[in-house]
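The chain contents come next:
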2 protein chains.
Amino acid sequence: MATIRDVAREAGVSIATVSRVFNQSALVRPETCENVREVAARLDYWPNGAARSLITSRTLALGVVLPDLHGEFFSEVIRGIDLAARRERFQILLSSSHADADALNSAVRALRGRIDGLLVLSPDAGSARVVESIASSLPVVLIHSGPDTLACATLAIANHDGALAMTRHLVALGHRRIAMLCGPAGNVDAEERLRGYRAALTEAGLMQDAALELAGDFSEECGAACVPDLLAIEPRPTAIFCANDAMAIGMVTALRDTGVRVPEEMAVTGFDDIAIGRYLTPQLTTVRADAYELGERAVGMLLPHAQARQPVPAERVSVPTRLIVRASCGAALVPTSDAAQPRRHRPLAAAARREEDGREAAGRDRGRVS
Amino acid sequence: MATIRDVAREAGVSIATVSRVFNQSALVRPETCENVREVAARLDYWPNGAARSLITSRTLALGVVLPDLHGEFFSEVIRGIDLAARRERFQILLSSSHADADALNSAVRALRGRIDGLLVLSPDAGSARVVESIASSLPVVLIHSGPDTLACATLAIANHDGALAMTRHLVALGHRRIAMLCGPAGNVDAEERLRGYRAALTEAGLMQDAALELAGDFSEECGAACVPDLLAIEPRPTAIFCANDAMAIGMVTALRDTGVRVPEEMAVTGFDDIAIGRYLTPQLTTVRADAYELGERAVGMLLPHAQARQPVPAERVSVPTRLIVRASCGAALVPTSDAAQPRRHRPLAAAARREEDGREAAGRDRGRVS
DNA sequence: CGTTTGGATGTAAACGATTACATGGACATC
DNA sequence: GATGTCCATGTAATCGTTTACATCCAAACG
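As the structure is a computational prediction, the values presented were derived from the model and not from experiment. (Residues numbered from 1 in each chain as written. Chains lettered and ligands numbered in written order. Predicted model: local features only at pLDDT ≥ 70, side-chain atom pairs only at ≥ 80, totals over all residues. Heavy atoms only, no water.)

*Asks:* Could you give an account of the packing of helix H8 (residues 159–172) of chain A against helix H9 (residues 188–203) of chain A, naming the residues involved and the relevant values?
*Replies:* Residues and elements named next belong to chain A. At a closest axis distance of 7 Å, the pairing of H8 and H9 adopts a crossing angle of 40°. Here H9 runs oblique to H8, going by the angle between their axes. H8 and H9 meet at a crossing whose hand is right-handed. Listed contacts from H9 to Asn 159, His 160, Ala 163, Leu 164, Thr 167 and Arg 168 of H8 are Asp 189, Glu 192, Arg 193, Arg 195, Gly 196, Tyr 197, Ala 199, Ala 200, Leu 201 and Glu 203. Its residues placed into classes, the contact of H8 with H9 shows 6 nonpolar, 4 polar and 6 charged. (Axes fitted to C-alpha atoms, helices over the stretch in contact; angles between N-to-C directions. Helix = DSSP H or I, 4+ residues; strand = E, 2+ residues; numbered from the N terminus. Parallel < 35°, antiparallel > 145°, perpendicular 65-115°, else oblique. Left-handed = near helix turned anticlockwise from the far one by under 90°. Contact = heavy atoms within 4.5 Å. Nonpolar A, V, L, I, M, F, W, Y, C, P; charged D, E, K, R; others polar.)

*Asks:* Before we move on, could you go through the confidence of the model for chain A and cite the residues and values that matter?
*Replies:* Averaged over every residue, the pLDDT of chain A is 86; the share at 70 or more is 88%. For residues 336–370 of chain A, every residue scores under 50 in pLDDT, and the model assigns this stretch 63 contacts once sequence neighbours within four places are set aside. (pLDDT = per-residue confidence, 0-100.)

*Asks:* Please give an account of helix H3 (residues 30–43) of chain A that cites residues and values.
*Replies:* All names here are of chain A. Spanning 14 residues, H3 covers 20 Å between terminal C-alpha atoms, matching the ideal 20 Å at 1.5 Å per step. For H3, the set of buried residues is Thr 32, Val 36, Val 39 and Ala 40. Buried positions in H3, seen along its axis, are confined to an arc of 100° and lie on one side of it. The exposed residues of H3 that point more than 90 degrees off its buried face are Pro 30, Glu 34 and Ala 41. As for H3, its buried residues are in contact with helix H1 (4–11) and helix H2 (15–22). With its phi angle positive at about 60°, Asp 44 sits one or two positions after the end of H3. (Expected span 1.5 Å × (residues − 1). Buried < 20%, exposed > 50% of the residue type's maximum accessible area, 1.4 Å probe, protein only. Arc of directions from axis to C-beta.)

*Asks:* Account for the protein's contact with DNA strand D, with residues named and values stated.
*Replies:* Contacts to DNA strand D come from 28 residues, most closely from Ser14(A), Thr32(A), Ile4(B), Arg5(B) and Ser19(B). Sugar and phosphate atoms constitute 57% of the interface atoms of DNA strand D, taking the interface as everything within 4 Å of the protein. Between DNA strand D and the protein, one listed contact pairs a phosphate oxygen with a backbone N or O atom of Ser14(A) at 2.6 Å. At 2.9 Å from a phosphate oxygen of DNA strand D is found a main-chain nitrogen or oxygen belonging to Arg29(A). (Near = heavy atom within 4 Å. Polar contact = N/O pair within 3.5 Å; in protein donor to acceptor, adjacent residues only side chain to side chain.)

Written out as structure tokens, the structure reads:
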């Protein structure tokens, strides 16, 4: 691999001149510049990134630490991150840690000196502390939806608002016994959704009932497995709000197998708006947390400070959610003016970004929260 | 940020000793080692990656260049790559270029000197040349399914075999007029699938008919949009094989809206086995190209040579595909012993990796090709 | 007791760039 | 013609490591 010295020798100039050519310095004579470029191309030379970032102490790279690459939600987040970073010519160093604090720590270690900023996506409650400790030495943005204000820049999904809107929607449809299938303990997203659900019940004057809150773990299997528990609750609920779509999907499938009609006998709703939801029968009513936007905005918060090599001010930004009303909640059963609309074909990818038609916009309005 | 010199001074040793401690050299006295570690922890020191890779000329990073991060298939590939790389403590530098050769070239430039090896995933026919030219200076594996043998290590999906198996399956179900919805021109995966389809028709003694080959672009919209064209073919086909699942999904949805029953009046099949397929009504018969495995094996091919800093021998490895028989092809309509089995609940994530039950295993056997 | 051996540690030269500062020549100014 | 200015270019220090080689000291050996 050719170095700057090879090019300098071959072009008959000093290494400083070659360096200047590759850094768009204006102080190089056009002919010299031309000549150097020609030689560089011939020698297949390109500045070595490691050497460059050693001396400039900037890497043009952003670290991204994830709990796991699995699942559509995270893959969309990454996509948002990648595209936003690319716009500013930043690269992405990926690292899928396992959500606990130790793994996070060692992942951050491995990234040290190779990134200008860090994005941490961790639903784990404990990880917030780790990130706070890093924040002094490296610009970092935490994508984390815990309720408390942390001593670092945080981007949160409006889980509470979304769950509130969803539960209100179920109440508005006439449901009085609304169950909730919770997410894993210690997951802040799950906890916030539960809080939103409870808030809506209180608001509607419905009694809180611990029996209505089923334990879950965000997996599809669990959504299917807890159907017997759901049906055993006395008196039987008429609706269940699942803390994420995967569980809702498992539940709808299992309910169908059990012979319970959805939504007539049991309304089921989810959270996340993953693509599969719109292909489910019945189509899944859910809350959209725009994963792409989440990634994009996280980069927007981080990048200016990463470039300036300054800590990101400890602010808390919230990404709003939107209620997406489809069939699984039974909204179509309640007579409304637009319930009979024929289903227009909607491709999953395109639709996810610009969904503004009648029924779902109505859902949005209904879901507006303060 | 503390450097090795700070630690050395504070611990009262030379920088060489500190370096040795962090490189598990056996030549350091236990007490010294202990002391250095203690000081390093106190100063929050960790070796700078850029400096390290400058001197060792190894980066412990792999570059990954993708046409676009979008879609479930690619996200699964990345997951396979990430997990396999992680096992060897390698990191992933992501770069989603736009499939053309120029973008690929500049993406590779930006990665120069920051990676030990490169994985290029490009279905574009022209990109193969670019990669060949890089292969001499950097270990690289191309994930590309073109028919020709290239002068670089290539990992290909057995598109031809998969399409052959699928078409044979439709023939075995009694179909005689089988249409194909093709992928975009210039996409090697699409072209190979078309070749496999044609081969199966020839093999079955069915006439080739250009009217049966519809142009497509791999998008769901296009699958829906070409339904009128499909229905206008005279005499009307009884089955259509779509070159990917997204198109098949669009088509199934649009056919249903048009009132054409699937699979009774029109059998529809796809390729890729994306998660949505199993939630479609009817469930989609497809060909599985295990994206996770693809990423995993690509890393397996690349990593040993990346570590040894040697070019990857120009070999062509093929990842086999598997026929996944579900309902959309009408197989359940044909009397078989297991057709009446109740549908067991299958979560998408788990099922994708260990699907060995009766019906689908049968599909695999039927799909076995030389 | 002198010599050898070998283990622990230190010294200094890389690695490949960037960039502050020095240099030198052309031109304008007085 | 001496001096100053400015532009293009060169020189050399620097970034934070790794590692070959040198050094030193204690133990082992004859």
